[in-house]
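Structural overview for review
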Amino acid sequence: MNSAQQLLRSQRDLLLNWTCDHPAPLLRWLCDAEVLTSVHYLSLLEKTPSNAVAQALETVCATEESSRRFLQVLRDVQDYYCRDLQVWVEKHCRSEAVAKPVAAPVRVEEKKSKGPIAKLFRGKSKGFTLTAEVKAKEELKPNRSVKLANIRVPISAHKTTLLKRTEQLKSYSEGEGVALNSASHIEIRYTDLFVTEDDDLVDSSQHEYFDLASRRARIYVHQACQRIRPCHLLSPEGTSGRPPKRVKVKGIAGIGKSVAVQRLVYEWAIGKNMREFTCIFDLRFRELNLIEEPLSLLELLGERFRYLKEALPDLFTSPSSLLFILDGLDEFKFPLDWNCPDKHLDIGSKVPVSELMVALVKGSLLPESSVILTTRPSTEAPKRFFQRCCVVLGFEEDQVKEYTTKFYEDPKVAQKVYEYILNNDNLFVLSFIPLYCYIICTAMADFFSSGNEDVGDSMSLELNPPRTVSEVYFCYLFTAVKHHALRGSADRSTPRSEVLSQAKQQLSNLGKLAYESLLQKKIMFNREDLEHYGVTPADLQSTFLCHILQPLKEETVEMFSFFHLTVQEHLAALYCAISLFSQEDVIQAMDLWCFGQRPPSTASAPLQNKDLSMDKLESLQMFTRFFMGMLRARLSGQLDGLVLSPMEQGDGIPAMLGLWFQDQFKSRTLENQAALNLLHCLMEFHTEEATSMAAPEIKKLNLFKMKLSVVDCAAMHYVLQYSPHKLQELNVGYSNIGNRGLNRLGPILHRCESLYLRYNCLDRRAAILESAVLKSKECQVKKLFMCGNNLGPDGVLELWNALEHNTTVEELYLDITGITERGTENIVNCLGKNTSLKTLTIAGNDIGETGRRRLRELEQRRPGLRIISNFVDDLGLLQAYLDWVEEIRADRDQMDSVKNADALQSVLNGLQMAGEHMEKGENAEKAKELETKIVKLLKTSTGLTGGR
């Protein structure tokens, strides 16, 4: 009897011939069956299909066991391949188990499109139709119904088509040439995303980048949030929950929404996930934009998936097994009326495509089917229509490392780039956004490649590795221009100015389009828009423009956009930096962009006839940072070859800008975000002369509740390090800076008289850092607020030691910091020697009877020290917590914070513990009021009591 191993060896050439056209299903199932290792599987995906299958067969034939598993896998994946393979499987893969029924063959046939709807999807999918002979054979099979056959065969064709469409991850920089990274198979390049539940309460007027940084800071650090893999978007919540039917997934541009659903479709098509669905229909809003005439869902799907047309009526008999993926609502040009009365629609009802989409999402059409909708935060899709709302927050640190490892073929280069990102706060925070990560990796490629060692610094095309955000973007742009300008040339010593001069006109035109559109908040352009600015769409695939512009519509669609909002902002800033003529122009430009002050008449193009409304200023904050970075690049000669005309008195610009920033901090009452943006602008300008003039005017910096990122802390440190005097107040309370952010601020903390670090997710490491500050001979801290951080007993022991010889701190607030009895061990000895401390708040900590005894001993030793160990001891403290409770009650964003829930419980415990010994009076009344409000808040807020 022939063994499986002998059978495969004898039939190797036949199997190779049948599967080499499309090996993906076979290879993936072999990997999951542990016939191929994961490393071997990924390496095969990089090879040509025939080589991949040949090597897989060689591995399979090595043992009898692997050969048997291979035959089992063939039964599972036979539907993806030709009729001859299916007949072979039926003959050779019999076992005691019932073999999988053989699918009818499918013939690929390109049908001629007739109507306007058909033109929309021309070339998008091949028409798979059954021959008359095949239909007859299917109908004659005794054990299968005609209905099942009608569905099964087209679904097989559908899966094959979806696999071919989704198995490659498109690189924006490919154009018609070779991609910078050839490993583009989705199994190789896809990196899992951080997806979690969304509260849907973020102000969409905020710039997307700042919105994301704020949301990450709050959710990632504060909330015990649930990670949701894309393939589990429709999974039930909890053990007894029902799966949601309508799911909204939102996230900023470039965060990975479309790639996530592409991966989801791929996993379904290859038979590995979401197998509860008979069919998935993936529809993109950017394609639906071309449908002007009313149509039915049946017509829409019949044209989009022509090979499914005959099976659609049968599929719709079981709508609960259908999933619609609607990708990119933000790109839809038709208005959506979410409040319109529900119409009685069925799959044959003809309505405008916008009504069709609304009906699908709301469930007035096919309520039993499932829908996943993706959109940017700025586009409204009311939460009430969805059972689950998710937000994509990009990568976590491990995924950044994984992405860089996958991006570069050379692991040494990947490691160097990752370490550089990790050690640069600006790049580190950017890298959590997948598209930014791509920009960074592209920009960094030449700096760390092995062929770069012998290039002299003076003649090299490259700058030093970028440090600021604007430098990263300029490196990315320069890399694109360089590869275009030096096509086929190995002369890496070509001066940078010569390379840039070749793209001067195109970059100027593109920058003007970007800038004037940015002022109008316009992000999509048609052919006429591009041609008006001298940009030719035909050049997209043949020049560096393929790195910058992308067609938003495929085939016949004539819409374009910059592939990311920040790329548009950077090009706009570059255009302004090379188009301004004088110091006066620069100052007038900053007045316009930062504060809406319109300039008088000027010859500089960026300042002429600009109608900018005040409500759009906030959206220009990233642009102004880019401008300062590009202005610095111009002044240092890095933009030579692009500059349109010399700048008058360019040498005096740093001093002039220094005076301008000085004046803003001195004479304006700056809102938090405006103040922070000016700090970022100074960091991007990165010029000591300007910063040292502006920094001394910053006497107080109040960024309370700003949800600051590490980059924000880096900007604060960069500017404040140039101030020679103390800072009266630095308030970063409720800003979620964490240990990493505090560490970034470390070198300037000793100069802050009043330092507010409340509720910042700080722990023992932060206490160690702050202890070093207090031990410093230069320490000027008088008030230190550390309440609401998890310092723990080890952390406060460090603080007591630091305070033993400190002579500046007068007030220390440590309520709700996790102090236990052990945390009071050296408090008497250390604080008994301290001579400056006048107030110590330690309420809301479980210090036990021993701890309270130690505090009484400390009071006797230091009669001038006021110790507040219970909330009821101080009327001001009680009122502060009453105000805080009211604030939490009114702000659901805070109510959802697990940290706040724990803090409220700690306050409640402290009040209840002190209540028995409390005398009557104003303190007692306030304490009772606070206790009542906390109990009520905890009872009515499931988010607090649930403890996510």
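In what follows, the accompanying structure is described. Every chain is numbered on its own, with residues counted from 1 as its sequence reads. With pLDDT at 70 or above as the cut-off, local features in this predicted model cover only qualifying residues; side-chain atom pairs require 80 or more to be listed or tallied, and sums for whole chains, interfaces and linings still use all residues. Hydrogens and waters are ignored; side-chain quantities use all the structure's heavy atoms.

When two rings of Phe, Tyr or Trp (its six-membered ring) have centres within 6.5 Å they constitute a pair, described as stacked for plane angles under 30 degrees, edge-to-face for angles over 60, and tilted for the intermediate range. Counted by the stated rule, this structure contains 29 aromatic pairs. When the ring of Phe525 is compared with that of Phe562, the centres are 5.7 Å apart and the planes differ by 85°; the resulting orientation is edge-to-face. Here the residue Phe525 occupies a position in strand E9 (residues 525–526), and Phe562 occupies one in strand E11 (residues 559–562), the gap between them amounting to 37 residues. Of the two residues, Phe525 and Phe562, neither departs from the other in class, the shared state being buried. Sitting over the face of the ring of Trp29, Lys272 holds its NZ or CZ atom 3.7 Å from the ring centroid. The numbering of helices and of strands both runs from the N terminus, where a helix is a DSSP run of H or I of at least 4 residues and a strand a run of E of at least 2. For each residue, the accessible area found with a 1.4 Å probe, counting protein chains only, is set against the maximum for its type, and the residue is called buried under 20%, exposed over 50%, and partly exposed in between. When the NZ atom of lysine or the CZ atom of arginine is within 6 Å of a ring's centre and also within 35 degrees of its normal, the charge is said to sit over that ring.

One open sheet holds the seven strands; their spatial order is E12-E13-E14-E15-E16-E17-E18, and the pairing between them is parallel. Because the sheet does not close on itself, it has two edges, and the strands there are strand E12 (700–702) and strand E18 (866–868). Neighbour-to-neighbour, the strand axes of the sheet open up by a mean angle of 10°, direction not taken into account. Only strands joined by at least two bridges in the DSSP assignment are considered to pair. Pairing between strand E14 (residues 752–756) and strand E15 (residues 783–785): three bridges, direction parallel. Directly across from Tyr756, in E15, lies its bridge partner Phe785. Axis lines are fitted to C-alpha atoms, over the contacting stretch for helices. Their N-to-C directions set the angle, which ranges from 0 to 180 degrees.

Glancing now at the nonpolar core. Joining through side-chain atoms within 4.5 Å is the link that ties buried Ala, Val, Leu, Ile, Met, Phe, Trp, Tyr and Cys residues into a set, and such a set is a nonpolar core. Ranked by internal contacts, the top residues of the largest apolar core, which has 230 residues, are Phe627 and Trp800. Contact between two residues is taken to exist if any of their heavy atoms lie within 4.5 Å; hydrogens are not considered. Residues contacting Phe627, with those up to four places away along its chain left out, are Ala573, Cys576, Ala577, Leu580, Val586, Met590 and Trp593. Judged by nonpolar contacts, the second largest core, of 43 residues, contains Leu283, Leu295, Met357 and Leu365.

This brings us to the side chain of Thr839. Topologically, Thr839 is positioned in strand E17 (residues 839–841). A relative accessible area of 16% means that Thr839 is categorised as buried.

Attention now moves to helix H2 (residues 12–19). Within H2, burial applies to Leu15, Leu16, Trp18 and Thr19. The buried residues of H2 occupy one face: seen down the axis, they fall within an arc of 165°. Pointing more than 90 degrees away from the buried face of H2 are the exposed residues Asp13 and Asn17. Along its buried surface, H2 packs onto helix H1 (4–10), helix H3 (24–32), helix H5 (49–60), helix H6 (64–77) and helix H7 (83–92). Arc definition: it is the arc formed by the directions from the helix axis to the C-beta atoms.

The next point concerns helix H13 (residues 257–269). In a regular helix each residue adds 1.5 Å, so 13 residues correspond to 18 Å; H13 covers 18 Å between its end C-alpha atoms and thus fits that length. Burial of H13 is extensive: eleven of the 13 residues sit out of reach of the surface. If you check which residues of H13 are buried, you get Lys257, Ala260, Val261, Gln262, Arg263, Leu264, Val265, Tyr266, Glu267, Trp268 and Ala269. Directly after H13, the chain includes Gly271, whose backbone phi takes a positive value near 85°. For a helix, the expected span equals 1.5 Å multiplied by the residue count minus one.

Here we take up the environment of Phe448. Within the fold, Phe448 resides in helix H21 (residues 434–448). Placed 33 residues apart in sequence, Phe448 and Gln415 show a C-alpha to C-alpha distance of 9.7 Å.

One way to put it is that helix H24 (residues 504–519) packs onto helix H26 (residues 565–579) with a least axis distance of 7 Å and a crossing angle of 115°. Taken together, H24 and H26 sit at an angle that is classed as roughly perpendicular. Relative to H26, the crossing made by H24 is left-handed. Listed contacts from H26 to Leu507, Ser508, Leu510, Gly511, Lys512, Ala514, Tyr515, Ser517 and Leu518 of H24 are Leu565, Gln568, Glu569, Leu571, Ala572, Tyr575 and Cys576. Each residue gets one label: Ala, Val, Leu, Ile, Met, Phe, Trp, Tyr, Cys and Pro are nonpolar, Asp, Glu, Lys and Arg are charged, and the others, such as Gly, are polar. A breakdown of the residues in the contact of H24 with H26 according to their chemical character gives ten nonpolar, four polar and two charged. With respect to orientation, any angle under 35 degrees is reported as roughly parallel, any angle over 145 as roughly antiparallel, any angle of 65 to 115 as roughly perpendicular, and every other angle as oblique. What makes a crossing left-handed is the near helix being turned counterclockwise from the far one by less than a right angle; a clockwise turn instead makes it right-handed.

Further remarks concern unusual backbone geometry. One non-glycine residue, His686, lies in the positive phi region at around 50°. Take His686: its relative accessible area is 25%, and that puts it in the partly exposed class. Despite not being glycine, Tyr759 shows a phi value in the positive range, around 45°. Here Tyr759 lies in the loop between E14 and helix H34 (764–775). According to the relative accessible area criterion, Tyr759 is buried, its value standing at 5%.

Attention now goes to the packing of H3 against H6. For any two helices packed against each other, the geometry is given by the interaxial angle and the distance between the axes. The geometry of H3 relative to H6 is characterised by a closest axis approach of 10 Å and an angle of 130° between their N-to-C directions. One element, H3, and the other, H6, form an angle in the oblique class. Where H3 crosses over H6, the handedness of that crossing is right-handed. Residues Pro25, Leu26, Trp29 and Leu30 of H3 pack against Phe70, Val73, Leu74, Asp76 and Val77 of H6. Class assignment of the residues belonging to the contact of H3 with H6 gives a composition of eight nonpolar, no polar and one charged.

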